[in-house]
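Structure at a glance
Next come the chains, spelled out residue by residue.
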Amino acid sequence: MKELSLNILDITENSVKAGAALTQILIDEDASTLLLTIADNGSGMTKEVLQGVTDPFYTTRTTRSVGMGLPLLKLAAEQTDGWMKVESIHISDDPENHGTKVEALFHKDHIDFTPLGDVVSTLLTLIQGHPDTDFLFRHSIRGGEKEVEVHMDTRELREALDDVPLNEYEVIKWIEEYLNEQYNGPEDAEE
Amino acid sequence: MKSLAELQKIKANMKQRIVLREGSGDIRVVVGMATCGIAAGARPVLNELVKDVSEEGLSEKVTVSQTGCIGICQYEPVVEVFEAGKEKVTYVKMTAEKAKEIVEKHLKGGQVVEEYTIGAYQS
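Residues numbered from 1 in each chain as written. Chains lettered and ligands numbered in written order. Predicted model: local features only at pLDDT ≥ 70, side-chain atom pairs only at ≥ 80, totals over all residues. Heavy atoms only, no water.

1. Regarding the state of the cysteines
Residues and elements named next belong to chain B. According to the stated counting rule, one finds zero disulfides over all chains in the structure shown. As a non-bridged cysteine, Cys-69 has Cys-73 as the owner of its nearest cysteine sulfur, 3.7 Å distant. Accessibility expressed as a relative area gives 24% for Cys-69, which makes it partly exposed. (Disulfide = S-S within 2.5 Å. Buried < 20%, exposed > 50% of the residue type's maximum accessible area, 1.4 Å probe, protein only.)

This is how it looks when you write it as structure tokens:
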């Protein structure tokens, strides 16, 4: 993947496919590291599945035999001397509290660090494709020249919108501006 | 600053239009968004399609949606166009620029852009 934001899109698609009502995408950056957490309340994985999940030759698909999502994220993290961890509770083990959490740590100053890229575009793609699923996004950048704190919760947006779908283009465009403004500050201060 | 109150304004505007749109959507455009599609560049293709369909005023007859792996990873990004009574059209090796052209010529103008279809790549 050319950008970490594409890995985020790919892994979060798995959360949605696992039936998650809410998927949290959290990015915590300091001067030298980036910690990515993707945590969902989907169906989770059994212990057998969890064991094989970082093996590039493992997949849930039956059409062909290779699934690459988590192995690609693991590779991206480990090539910066970082790590990836996956925890999961399968719905059959705990019907109340199930889901999957993927965490990955990256060293940003490592030469093989893949830039985060366009994370706003990833969020818009997720909302466009899955308007009935909720996403909580938080990105904090600290310890550098610019401190950034970005927050988006589709549950709040959904409440304001009533039954207008989140993937109406006007809503998508608004969310794009809402996020960009949090990253860059308002474009027109007089507005 | 953007406030949630603005969303409520959008809501009020949208509600009427959505009622009009019920039961439409003659053309379905589907973008492959599995690992293979994403790695090959499906994200900007999807976002361009969503933008252009809306800006060209096609939202009432065209819906854009996402799917998993279509099974031809070497041709990703892949976009399929389904239209009632017509054969499915499969566009391959897509880019945002090609997507713009397809909205203009195919979805709006009704002319399949043959040079971007899988048939053109396989022959």
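2. A short note on the side chain of Thr-114 of chain A
Residue and element names in this part refer to chain A. If you trace the backbone, Thr-114 turns up in the loop between β4 (99-107) and α4 (119-129). A relative accessible area of 10% places Thr-114 in the buried class. Setting aside residues no more than four positions away along its own chain, Thr-114 makes contact with Met-1, Lys-2, Glu-3, Leu-4, Ala-76 and Gln-79. (Helix = DSSP H or I, 4+ residues; strand = E, 2+ residues; numbered from the N terminus. Contact = heavy atoms within 4.5 Å.)

3. Describing helix α3 (residues 42-55) of chain B
Residues and elements named next belong to chain B. The end-to-end C-alpha separation of α3 is 20 Å, in line with the 20 Å expected for 14 residues at 1.5 Å each. Within the span of α3, buried status applies to Ala-42, Arg-43, Val-45, Leu-46, Glu-48, Leu-49, Val-50, Asp-52 and Val-53. Looking one or two residues past α3, Gly-57 carries a phi angle of roughly 70°, positive in sign. (Expected span 1.5 Å × (residues − 1).)

4. Some remarks on the confidence of the model for chain A
Across chain A, the average pLDDT comes to 90, with 91% of residues at 70 or higher. The least confident element of chain A is helix α2 (residues 47-52) of chain A, whose mean pLDDT is 80; the most confident is strand β1 (residues 22-29) of chain A, at 98. (pLDDT = per-residue confidence, 0-100.)

5. Some remarks on the sheet that holds β4 of chain A
Residues and elements named next belong to chain A. Strand order in this open sheet of six strands is β3-β4-β2-β1-β5-β6, and the pairing throughout is mixed. One side of each edge strand has no neighbouring strand; the edge strands of this open sheet are β3 (83-89) and β6 (148-153). Looking at each pair of strands side by side, their axes are set apart by 5° on average, direction ignored. Examined bridge by bridge, β1 and strand β2 (residues 33-40) share seven bridges and lie antiparallel to one another. Across the sheet, the residue bridging to Ile-27 is Leu-36, located in β2. (Pairing = 2+ DSSP bridges. Axes fitted to C-alpha atoms, helices over the stretch in contact; angles between N-to-C directions.)

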